[in-house]
Amino acid sequence: MQAHSEKRIFGLDLMRAMAIVLVVFSHVSWIVPNAQGVIPDLMGIAGVLGVEIFFVLSGFLIGRIIYRLYTSDNFNFKSLSYFWVRRWFRTLPNYYLALIINIGISVYLGLALPDRLWTYFLFLQNLTTEMPSFFVESWSLSIEEFAYIIGPLLLYFTLFIKTKLSKSKQFLCVTFLIILIFILTKWLYAINDDVKTMHHWNSHLKAVVIYRIDAIYYGVFAAYISMVKPKFWKQSKYIAMGLSVLSLGVINIAVPLQYIFIETHSTFWNLWYLPLNSIAILLALPMLSELKKAPKLISRPITFISLTSYAIYVLHYSIILQLMKYNLPTDNLPKFDILIYILTYLSLTLICAYFVYRLFERPLTNLRDTSKLKTYFN
């Protein structure tokens, strides 16, 4: 994460900011759990889309880094290890901070800790099965961590395979292989799925690592196209954005309006709903990645939300909202008080996220650029 806005791409910051806003918006439903109508329905969709945007964007950014590394002359296990170390300096501190705080909150509230709490420390809590209702946001972080390991490791193994394919094409083959494998795991889930409800789908498919790694690699595929076919990437941005908006509308609005639900169309939901969303989000990348700047009045708040998005993600629900709901339940609050409650929740989230980013996340992330660490991996 770059700290200086002039080094950032506004369109990608906008994408990240939209993702975290959608996720937080979806969890506001816990404040008003009995609300009915269009807005509560949209909240459910917003949470899914927000995380899917994070997945594709993460794959795009990491894919560009991995592609440059893999196609360079000095790609080896040491350089690969340095890539992982840099990612872990970026992802692990906030995760473990939030995990420890969640443990403390559970002890404070007298809630039972998961029987296999140790799995959270290794990102194994949702590897093959539904995770406990503890630190529930962490399901997506496990998927990302395993995605960062699997792809680069497979690319490293290609160094021991004799082939006439260029490194660029080998990169593409590995990307497609990963996408195919995890579409197949969803297919296996679909043919063995006995419980056809959205709640079961949400916890047993959408949030389980072995079915979801491909979500990151649609972004990696986009990274490949942007680097290998830069002219096509730029020329296609308007058409691709139009298709992105149209596809997202059809998948997430038209489909429910046509009563295409999991109870009657389980194959669509189990096998195609998530990949189609990933492809639709991918199509927005050519335009957004080319949107370099915006007026400061617009770019500053967007950049702020983007910079603090990771801290917002790990703090907003299981920590901030859980403590607020425990100390001040919202079941019988009047509508005006509910509004004040939501504004207070959002304000606390932004303030806490800012201090975590400024005082904890950024200093630790900056350690990865120290000369001592670079020297060790050279």
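Placed above this text is the structure.
If you're wondering where the values come from, they're calculated on a predicted model, not measured in any experiment. (Residues numbered from 1 in each chain as written. Predicted model: local features only at pLDDT ≥ 70, side-chain atom pairs only at ≥ 80, totals over all residues. Heavy atoms only, no water.)

Draft legend 1. Local environment of the overall build of the protein chain. Counting its secondary structure elements, the protein chain contains 17 helices and 0 strands. Relative to the 2.2 N^0.38 estimate, which gives 21 Å for 378 residues, the radius of gyration of the protein chain is 21 Å and therefore close to what a compact globule would have. Overall, the protein chain is about 70 × 50 × 50 Å in size when its C-alpha atoms are taken along their principal axes. In the protein chain, which comprises 378 residues, the share counted as buried stands at 49%. Carbon together with sulfur atoms contributes 68% to the accessible area of the protein chain, which is approximately 19100 Å² in total. Separation of charge centres in the protein chain, based on 33 positive and 19 negative side chains, amounts to 15 Å. (Helix = DSSP H or I, 4+ residues; strand = E, 2+ residues; numbered from the N terminus. Rg over C-alpha atoms; globule rule 2.2 N^0.38 Å. Buried < 20%, exposed > 50% of the residue type's maximum accessible area, 1.4 Å probe, protein only. Areas by Shrake-Rupley, 256 points an atom, 1.4 Å probe, with all protein chains shown as cover. Lys, Arg positive; Asp, Glu negative; His and termini not counted. Charge placed at Lys NZ, Arg CZ, Asp CG, Glu CD.)

Draft legend 2. Layout of unusual backbone geometry. Positive phi, normally seen in glycine, also occurs at Phe 123, with a value near 60°. Examined against the element boundaries, Phe 123 turns out to sit in the loop between helix H4 (118-121) and helix H5 (138-157). A positive phi angle, close to 45°, is found at Phe 135, a residue other than glycine. Judged by relative accessible area, which is 2%, Phe 135 ranks as buried.

Draft legend 3. Looking closely at helix H1 (residues 10-27). Here H1 contains 18 residues, and its C-alpha end-to-end distance of 26 Å stays within 8% of the 26 Å for a straight helix at 1.5 Å per residue. For H1, the full list of buried residues reads Phe 10, Gly 11, Leu 12, Asp 13, Met 15, Arg 16, Ala 17, Ala 19, Ile 20, Val 23, Val 24 and Ser 26. (Expected span 1.5 Å × (residues − 1).)

Draft legend 4. Molecular detail of the packing of helix H11 (residues 237-257) against helix H12 (residues 266-282). Packing of H11 against H12 brings their axes to within 8 Å, and their N-to-C directions diverge by 150°. Of the possible angle classes, the one that applies to H11 and H12 is roughly antiparallel. Crossing of H11 against H12: the hand is left-handed. Contacts between H11 and H12 involve Ser 244, Ser 247, Leu 248, Ile 251, Asn 252 and Val 255 on the former and, on the latter, Phe 268, Trp 269, Tyr 273, Leu 276, Asn 277, Ala 280 and Ile 281. Of the residues contributing to the contact of H11 with H12, the split by class is 9 nonpolar, 4 polar and no charged. (Axes fitted to C-alpha atoms, helices over the stretch in contact; angles between N-to-C directions. Parallel < 35°, antiparallel > 145°, perpendicular 65-115°, else oblique. Left-handed = near helix turned anticlockwise from the far one by under 90°. Contact = heavy atoms within 4.5 Å. Nonpolar A, V, L, I, M, F, W, Y, C, P; charged D, E, K, R; others polar.)

Draft legend 5. Region of interest: the pattern of salt bridges. What the rule picks out here adds up to 6 salt bridges. Residue Arg 86 pairs with Asp 369 through a salt bridge whose shortest N-O separation is 2.7 Å. Taken together, the residues span a long stretch of sequence, with Arg 86 in helix H3 (residues 77-109) and Asp 369 in the loop between helix H16 (335-366) and helix H17 (371-377) at a distance of 283 residues. Close ionic contact of Glu 361 with Arg 90 constitutes a salt bridge, the shortest N to O distance being 3.0 Å. Residue Glu 361 is found in helix H16, and its partner Arg 90 is found in helix H3; the two are separated by 271 residues along the sequence. Just as Glu 361 is buried, Arg 90 falls in that class too. (Salt bridge = Lys/Arg side-chain N within 4 Å of Asp/Glu carboxyl O.)

Draft legend 6. Examining a nonpolar patch on the surface more closely. Residues Leu 180, Leu 184, Trp 187, Leu 188 and Ile 191 make up a contiguous nonpolar surface patch of roughly 490 Å² in combined accessible area. Looking at where Trp 187 falls in the secondary structure, it is placed in helix H6 (residues 167-192). (Patch = residues over 30% accessible without salt bridge, like charges linked within 9 Å, V, L, I, M, F, W, Y side chains within 5 Å.)

Draft legend 7. Representation of the packing of aromatic side chains within the structure. Scanning the model with the defined rule gives 31 aromatic pairs in all. Taken together, a centroid distance of 5.7 Å and an interplanar angle of 85° make the contact between Trp 201 and Trp 269 edge-to-face. One end of the pair, Trp 201, is in helix H7 (residues 198-206); the other, Trp 269, is in helix H12, and 68 residues separate them in sequence. Taking the centre distance of 6.1 Å and the plane angle of 80° together, the rings of Tyr 259 and Phe 261 count as edge-to-face. Its relative accessible area of 62% is what places Tyr 259 among the exposed residues. The exposure class of Phe 261 is partly exposed, given its relative accessible area of 37%. One aromatic cluster is present, formed by Phe 77, Trp 84, Trp 88, Tyr 156, Phe 157 and Phe 160 through successive ring pairs. Over the aromatic face of Tyr 376 sits the side chain of Lys 78, whose NZ or CZ is 6.0 Å from the ring centroid. In this structure, Arg 87 is placed above the aromatic ring of Tyr 148, and the distance from its NZ or CZ to the ring centre is 4.9 Å. (Phe/Tyr/Trp six-rings, centres within 6.5 Å; stacked < 30°, edge-to-face > 60°. Lys NZ or Arg CZ within 6 Å of the ring centre and 35° of its normal.)

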